[in-house]
Amino acid sequence: MNTFIAVVLVCASGLPQEACTDERAIEVRKVRVANELGCASGWQEIIARTDLSEEVGRTTYLKTECRRVREPG
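Residues numbered from 1 in each chain as written. Predicted model: local features only at pLDDT ≥ 70, side-chain atom pairs only at ≥ 80, totals over all residues. Heavy atoms only, no water.

Enquirer: Just give me the short version of the state of the cysteines, but keep the residues and values in it.
Expert: Tallied over the full model, the rule gives two disulfides. One disulfide bridge connects Cys11 with Cys20, the sulfur atoms lying 1.8 Å from each other. When the S-S torsion is 75 degrees, as for the bridge of Cys11 with Cys20, the disulfide is right-handed. For the pair Cys11 and Cys20, a shared accessibility class is recorded, and that class is buried. Disulfide pairing is shown between Cys39 and Cys66; the S-S distance is 2.0 Å. Judged by the torsion about the S-S bond (60 degrees), the Cys39/Cys66 disulfide is right-handed. Note that Cys39 is positioned in helix 1 (residues 36–40) and Cys66 in strand 3 (residues 60–70), a separation of 27 residues in sequence. With relative accessibility at 36%, the residue Cys66 sits in the partly exposed group. (Disulfide = S-S within 2.5 Å. Buried < 20%, exposed > 50% of the residue type's maximum accessible area, 1.4 Å probe, protein only. Helix = DSSP H or I, 4+ residues; strand = E, 2+ residues; numbered from the N terminus.)

Set out below in structure tokens:
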């Protein structure tokens with residue numbers, strides 16, 4: 001069975017989107033979700049809980065990714 005990791009990267013506005021990676025992001029949030037649809041929802045709440053929420057759209061932007069995790073077995 002496959003599960004997914006929803007990843008939200010908070011990157012500086014001056015960083016090109018293709019360069020916004022786990023290593024270069026200001027903050028990285030990850031949460032395990034049951035399916036790909038779960039990757040598309042819930043991240044707004046995750047970011048809203050952080051101190052960075054007021055900077056999104058001004059000095060930072062968000063990049064979201066959905067990563068497949070293969071369960072052993």
